[in-house]
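An overview of the molecular structure
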Amino acid sequence: MGILIVGGDRLGEIPARLRSLGFREIEHVTGRKKGKMLVPIRASHHLILVLTDCVNHQIVKTIKRQAKHKKKRVVFVRRAWSAIASALLAACEVR
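A brief report on the enclosed structure follows. From a predicted model like this one, the values you see are computed outputs, not experimental measurements.

On to the side chain of Asn-56, then. For Asn-56, the position within the fold is in the loop between β3 (45-51) and α2 (57-70). A polar side-chain atom of Asn-56 sits 2.7 Å from the main-chain amide nitrogen of Gln-58.

Right under this line is the structure:
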């Protein structure tokens, strides 16, 4: 499975913990720079994780539009592993 993480300058232990949950392809975009407004959502991205603590609002709008068009799930969460883990659990239960 693949995941696209948008937001957060540094991820710390988050990628390692995501790998332990089964995510093999992990891509990160900081989501702060205006020049990086086009964030490509690939077919290999099964989930888009938006870290709401540090992200440009325009990029969030772009992500939401692209995800809706490509029928990808978007999870909005603050940058704390406890919040990420519970949001991923809830997202998996809905499917």
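Taken in spatial order, the four strands make up an open sheet running β2-β1-β3-β4, and their pairing is parallel. Both edges of this open sheet fall to β2 (25-29) and β4 (73-77), since each of them pairs with a single strand only. Each strand axis lies, on average, 20° off the axis of its neighbour in the sheet, ignoring direction. Two elements, strand β1 (residues 2-6) and β2, share five bridges in a ladder whose sense is parallel. Residue pairing across strands places Val-6 opposite Val-29, the latter belonging to β2.

Glancing now at the pairing of β1. Burial within β1 is extensive, with five of its five residues counted as buried. Alternating residues of β1 divide into Gly-2, Leu-4 and Val-6 and Ile-3 and Ile-5, and every residue in both groups is buried. Note that the unit made of β1, helix α1 (residues 14-20) and β2 has a crossover that is right-handed. Two elements, β1 and β3, share five bridges in a ladder whose sense is parallel.

The next point concerns unusual backbone geometry. One non-glycine residue with positive phi stands out, namely Lys-71, at about 55°. Looking at the secondary structure, you find Lys-71 in the loop between α2 and β4. By relative accessible area, Lys-71 is classed as exposed at 72%.

Core analysis: the biggest nonpolar cluster contains 17 residues, and Ile-5, Leu-18, Leu-49, Leu-51, Val-77 and Ile-84 have the highest contact counts within it. Among the secondary structure elements, those contributing two or more residues to this core are β1, α1, β3, β4 and α3 (81-94). Of all the elements, α3 adds the most residues to this core, at five residues. Discounting chain neighbours no more than four positions away, the residues touching Val-77 are Leu-49, Val-50, Leu-51, Thr-52, Asp-53, Ala-83, Ile-84 and Ala-87. With 12 residues, the next largest nonpolar core counts Val-6, Val-50, Ile-59 and Ile-63 among its residues.

Turning our attention to α2. Relative to the 20 Å expected for 14 residues at 1.5 Å per residue, α2 spans 20 Å between its end C-alpha atoms, a close match to the ideal helical length. Regarding α2, the residues found buried are Ile-59, Val-60, Thr-62, Ile-63, Gln-66 and Ala-67. What you see down the axis of α2 is that its buried residues fit within an arc of 160°, all on one side. Exposed and facing more than 90 degrees away from the buried side of α2 are His-57, Lys-61, Arg-65, Lys-68 and His-69. On its buried side, α2 packs onto β1, β3 and β4. For α2, the N-terminal capping position is held by Asn-56, with its side-chain oxygen 2.7 Å away from the main-chain nitrogen of Gln-58. One or two steps after α2, the chain reaches Lys-71, where phi turns positive at roughly 55°.

Reading the values: the criteria
Residues numbered from 1 in each chain as written. Predicted model: local features only at pLDDT ≥ 70, side-chain atom pairs only at ≥ 80, totals over all residues. Heavy atoms only, no water. Helix = DSSP H or I, 4+ residues; strand = E, 2+ residues; numbered from the N terminus. Polar contact = N/O pair within 3.5 Å; in protein donor to acceptor, adjacent residues only side chain to side chain. Pairing = 2+ DSSP bridges. Axes fitted to C-alpha atoms, helices over the stretch in contact; angles between N-to-C directions. Buried < 20%, exposed > 50% of the residue type's maximum accessible area, 1.4 Å probe, protein only. Right-handed = clockwise from strand over helix to strand, strands pointing away. Core = buried A, V, L, I, M, F, W, Y, C linked by side-chain atoms within 4.5 Å. Contact = heavy atoms within 4.5 Å. Expected span 1.5 Å × (residues − 1). Arc of directions from axis to C-beta.

Functional significance is not addressed by these values, which are geometric in nature.
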